[in-house]
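# Examination of the molecular architecture
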Amino acid sequence: MPLVIGLISGTSVDGIDAALVDITGTDVDLKIELLAGATYPYPETLREQILQVCAGAAVSMAELAELDDAIAIQFAQAARDIQISHPPADLIGSHGQTVYHRPPLKLGNQPAVETLPGASLGYTLQLGRGELIAHLTGIKTVSNFRAADMAAQGQGAPLVPKVDAYLFSSPTQHQCIQNIGGIGNLTYLPVRQDDWIDRVCGWDTGPGNTLLDLAVQHFTGGSQTYDQDGNWAASGTPCDALVEQWLSQDYFQIAPPKSTGRELFGWDYFNQCLVEGEAYNLTPTDLLATLTELTVRSIIMSYQNFLPQMPQRVLLCGGGSRNLYLKQRLTDQLGASQVLTTDEAGVSADFKEAIAFAVLAHWRNLGIPGNLPKVTGANSAVLLGNVYPSLGA
Ligand SMILES: Nc1ncnc2c1ncn2[C@@H]1O[C@H](COP(=O)(O)OP(=O)(O)OP(=O)(O)O)[C@@H](O)[C@H]1O
Ligand SMILES: CC(=O)N[C@H]1[C@@H]2OC[C@@H](O2)[C@@H](O)[C@@H]1O[C@H](C)C(=O)O
């Protein structure tokens, strides 16, 4: 106890991941049992609207309000459905849908053009307001998890590392938990001893599946949305020169803390890749293999450049962990590190992010900060999320 529902739709915008989790303990003694996990796809028109807003389409405040509530209604329905055949949940942690993410300006390597006070702070927007979810479900809901970290000058992401730390840390092995969703992000866990929690680090590695999904959509005229098991990329040949050229770009070179999103690794970025691929006469198959290699190499390069040491074990999660070609390329290039999925460590690779937001809500409810300042760059550990009581509470 308590029973907590975690809800998230990630940067792939493929649907709402819902996890019903039985949580015991707090942090050092944290234990979770996943009672139910399911993905509820968005209705196609809603998904299209979300993708357009993510791509920078201008929307009126009225349209934004409608979208916010349409998403909240879908999230509330997911919360209701995941409880079917289970005891009712005590709490919901709803990440919502990121539609905009602007990391803080880094003084020193960015032009210091502050048009308004606060312009150097990051800004992030997750739609699906928690107060409506609380109202529709009758369950106390925590949402808007990223804002407090950003107000404290943090990146607002990644937020999963503190949860990863207490779920996966080992007294004998130092490990990376590597999520490959739309965007890739990692948590590095030193061996669990002494001040280990202060040495946990993490950041967004760059594109996970976003560019691959865009390539598949482009080359199939929209009839396919992703490269199943990586079969298409596996039949191509990556262009190493192009991967090296892409890896020289700022995002891959700058040191953490860092976070990113579809604002950078979206259609404009893909279209540029397409043009650059033409200069090398790449076929669609070779371009897909080359983009897959970018995901792989960006992960490995960031480990080599920014981790205190290479991990003994890498646990993959997110949809990209099902891309067998991508997984094989990672395994080949990680050499001595063992590559598994979080499933093999007892935590669902599909629902780990949803589970994490259940735990973050639990911590918010107990007054325990959820961010790791070393990861996000925030100037302090802060309580994450706004709490909306259930009706009658
Ligand atoms: N069998 C598979 N083979 C290849 N790729 C797959 C497979 N299953 C899922 N994927 C990829 O995983 C993506 C979805 O991953 P996931 O649900 O982890 O993303 P997300 O949670 O939206 O992203 P983020 O973690 O960045 O928020 C799909 O868009 C697809 O590219
Ligand atoms: C702004 C935003 O939604 N960021 C996501 C995204 O998806 C993966 C990566 O980029 C990660 O930093 C973050 O999500 C996870 C759940 C996190 O905060 O840990």
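Keep in mind that what you see is a predicted model, and the values were worked out from it rather than measured.

The UniProt entry lists G10, T11, S12, V13, D14, G15, I16 and D17 under the feature "binding site: ATP" (unreviewed entry), expressed in the numbering used here. Relative to the assigned elements, V13 resides in the loop between β1 (3-9) and β2 (16-24). You can call I16 buried: its relative accessible area is 1%. Residues within four places of I16 in sequence aside, it is in contact with L7, I8, S9, A38, T39, Y40, Y42, Q74, F75 and A78.

Another aspect to go through is the site of ligand 1. The local shell around ligand 1 holds 20 residues, among which T11, G182, D213, D229 and G319 are the closest. The separation between an oxygen atom of ligand 1 and a polar main-chain atom of I183 is 3.0 Å. Between ligand 1 and G319 there is a distance of 2.8 Å, counted from an oxygen atom to a backbone nitrogen or oxygen. Classifying every residue of the shell around ligand 1 by side-chain character gives two nonpolar, 12 polar and six charged. The residue makeup of the shell around ligand 1 includes at least three contributed by each of domain 1 (3-156 + 351-388) and domain 2 (161-345).

A157 connects to P158 through a cis peptide bond whose omega is -10 degrees. By the secondary structure assignment, P158 is in the loop between α4 (147-151) and α5 (161-168). In the segment running from P256 into P257, the intervening peptide bond is cis, with an omega of 5 degrees. Here the phi dihedral of S85 falls at roughly 70 degrees; this positive angle occurs in a residue that is not glycine. Within the fold, S85 resides in the loop between α2 (61-82) and β4 (91-102). Taking relative accessible area as the criterion, S85 reaches 73% and is therefore assigned exposed. A positive phi is found at D229, a non-glycine position, where the angle reads about 60 degrees. A relative accessible area of 30% places D229 in the partly exposed class.

This part is about the site of ligand 2. The environment of ligand 2 is made up of 15 residues, and the closest members are T98, R146, L159, V160 and D204. A distance of 2.9 Å separates an oxygen atom of ligand 2 from a polar backbone atom of V160. Residue D204 places a side-chain N or O atom 2.6 Å away from an oxygen atom belonging to ligand 2. Considering ligand 2 on its own, with 440 Å² of exposed area, one finds that the protein chains cover 97% of that surface. At the level of elements, β4, β8 (183-189) and α13 (352-366) are the ones that each hand at least two residues to the shell around ligand 2. In terms of residue count, the dominant contributor to the shell around ligand 2 is β4 (three residues). Taken together, the residues of the shell around ligand 2 break down into six nonpolar, six polar and three charged. Each of two domains, domain 1 (3-156 + 351-388) and domain 2 (161-345), supplies a minimum of three residues to the shell around ligand 2.

Scanning the model with the defined rule gives zero disulfides in all. Note on C239: no disulfide assigned, nearest cysteine sulfur contributed by C273 at a separation of 12 Å. Residue classification places C239 among the buried residues on the basis of a relative accessible area of 12%. Using a relative accessible area of 2% as the deciding quantity, one classes C273 as buried.

Most of β1 sits inside the fold, with seven of its seven residues counted as buried. In this structure, β1 lies alongside β2, joined through six bridges in antiparallel fashion. Within the sheet, the bridge partner assigned to I5 lies in β2 and is L20. Hairpin remark: β1 followed by β2, antiparallel, with six residues in the connecting loop; positive phi at V13, about 55 degrees. As paired elements, β1 and β4 share five bridges and run parallel to each other. Counted as the bridge partner of G6 is G93 from β4.

Analysis parameters
Residues numbered from 1 in each chain as written. Chains lettered and ligands numbered in written order. Predicted model: local features only at pLDDT ≥ 70, side-chain atom pairs only at ≥ 80, totals over all residues. Heavy atoms only, no water. UniProt positions renumbered as here; feature names shortened; annotations may be inferred. Helix = DSSP H or I, 4+ residues; strand = E, 2+ residues; numbered from the N terminus. Buried < 20%, exposed > 50% of the residue type's maximum accessible area, 1.4 Å probe, protein only. Contact = heavy atoms within 4.5 Å. Near = heavy atom within 4 Å. Polar contact = N/O pair within 3.5 Å; in protein donor to acceptor, adjacent residues only side chain to side chain. Nonpolar A, V, L, I, M, F, W, Y, C, P; charged D, E, K, R; others polar. Domains from an automatic or database assignment. Areas by Shrake-Rupley, 256 points an atom, 1.4 Å probe, with all protein chains shown as cover. Disulfide = S-S within 2.5 Å. Pairing = 2+ DSSP bridges.

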